Amino acid sequence: SKEERFAMSLWNMKEVTRITGATESALRYYNAKGVLPPTVREETGRRQWLYDDEAVGKLRKLFLLKYIGVSIEDAGTAICDDAVFRRAIMQRLEELKKERDKLDLQIFIAQTLAVSDGMDLFMPDEEMDEEKKTLLNNVLRECIKEGAKE
C-alpha cells in the first residue's frame, strides 16, 4: 500500500528524478550497467521500480564521482563500499592534480608565446627569473620531443 511505501521510504522513478535531478533514462542506464538497480522492481502486481533512501544516497555519490571524472564502472563499485569510495576519490584527486599541473604549464607557455615571436623562447628575456627560465626551457624541450614523435 501507499502508506507502507512511504513508511519504508521507497521512491518511484518519477520521485527519484524529482529529488535528485536524474533522468529516467539515466536510471535505466545505471540499472542496465548493474551500477544502481532499483531496490524493489514490482509493487501490487505491476512493474514499477522503487528506490530506498540508501539507493538515492548512492545515486548522489554516483553523480559526484562521475562529475570528477571517475568512470561509471569504477563509480558503481565505489558507491557500495566506503573504503573503495575513498580510494577512488583519492586516486582521482591525484590524477586531477597532475592534469592541473600540465594545464598550468600549457597556460605558462601560451602566455609566453603571446608576448614573444616564438623564436626567442630559448633565450628568455632578462626580466624572467632563473627558475622560470629553466622551467620554460625544460618544458619547451619536452614539447619539441613530444611533437617530434607525432
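Scoring rules and cut-offs
Numbers given to residues run from 1 along each chain, matching the order in which its sequence is written. Thresholds applied to this predicted model are a pLDDT of at least 70 for local features of residues and 80 or more for the giving and counting of side-chain atom pairs; totals over whole chains, interfaces and linings are not thresholded and use all residues. Side-chain measures here rest on the full set of heavy atoms in the structure, leaving out hydrogens and waters. Of the grid points, spaced at 1 Å and generated over the protein atoms alone, those admitting a 1.4 Å probe that cannot get out make up cavities, while open sets with protein on both sides within 12 Å along at least five of seven lines make up pockets; any residue with an atom within 4 Å of a point is treated as lining. Grid points are joined across faces, edges and corners, and a volume is the space filled by probe spheres set on the points. Starting at the N terminus, helices and strands are each numbered in turn, a helix being any DSSP run of H or I of at least four residues and a strand any DSSP run of E of at least two. In this classification, Asp, Glu, Lys and Arg are treated as charged, Ala, Val, Leu, Ile, Met, Phe, Trp, Tyr, Cys and Pro as nonpolar, and every other residue, Gly included, as polar. Angles run from 0 to 180 degrees between N-to-C directions of axes, and those axes are lines fitted to C-alpha atoms, restricted for helices to the stretch in contact. Orientation is classified from the angle alone, with under 35 degrees giving roughly parallel, over 145 giving roughly antiparallel, 65 to 115 giving roughly perpendicular, and any other angle giving oblique. Whether two residues are in contact is decided by their heavy atoms: any pair within 4.5 Å suffices. One speaks of a salt bridge when a side-chain nitrogen belonging to Lys or Arg is within 4 Å of a carboxyl oxygen belonging to Asp or Glu. Only protein chains enter the area calculation, which uses a 1.4 Å probe; residues under 20% of their type maximum are buried, those over 50% are exposed, and those in between are partly exposed. In these notes, a set of buried Ala, Val, Leu, Ile, Met, Phe, Trp, Tyr and Cys residues joined through side-chain atoms within 4.5 Å is what counts as a nonpolar core.

Draft legend 1. Region of interest: the layout of surface pockets. For the largest pocket, the calculated volume is near 230 Å³. Lining the largest pocket are 10 residues, and of these Lys102, Val139, Glu142, Cys143 and Glu146 lie nearest its centre. Of the residues forming the lining of the largest pocket, the biggest block, 5 residues, is contributed by helix α7 (residues 130-149). The class makeup of the residues in the lining of the largest pocket is 4 nonpolar, 2 polar and 4 charged.

Draft legend 2. Broad picture of the packing of helix α2 (residues 13-20) against helix α3 (residues 24-32). Running from amino to carboxyl end, α2 crosses α3 at an angle of 110°, the nearest separation of the two axes being 9 Å. Compared by their axis directions, α2 and α3 come out roughly perpendicular. Across the interface between the two elements, Met13, Lys14, Val16 and Thr17 from α2 touch Glu24, Leu27 and Arg28 from α3.

Draft legend 3. Geometry of the pattern of salt bridges. One pass over the structure, following the stated rule, counts 9 salt bridges. Of the charged contacts in the structure, one is a salt bridge between Arg92 and Glu95, with a shortest N-O distance of 3.1 Å. One end of the pair is Arg92 and the other is Glu95, both in helix α6 (residues 82-114) and 3 residues apart, which spans about a single turn. By relative accessible area, Arg92 is classed as buried at 12%. Under the relative-accessibility criterion, Glu95 is labelled partly exposed at 33%. Look at the salt bridges and you will find they share partners, linking Lys14, Glu24 and Arg28 into a network.

Draft legend 4. The arrangement of the nonpolar core in detail. Among the nonpolar cores identified, the biggest contains 22 residues, and Leu27, Tyr30, Tyr51, Leu59, Leu62 and Leu65 are the most heavily contacted of them. At the level of elements, α2, α3, β3 (46-51), α4 (53-67), α5 (72-78) and α6 are the ones that each hand at least two residues to this core. Counting residues per element, this core draws most heavily on α4, which supplies 5 residues. Apart from residues lying up to four places away in sequence, Tyr30 is in contact with Val35, Leu36, Leu59, Leu62, Phe63, Lys66 and Ile72. Phe108, Ile109, Leu136 and Val139 belong to the second-largest nonpolar core, a separate cluster that totals 5 residues.

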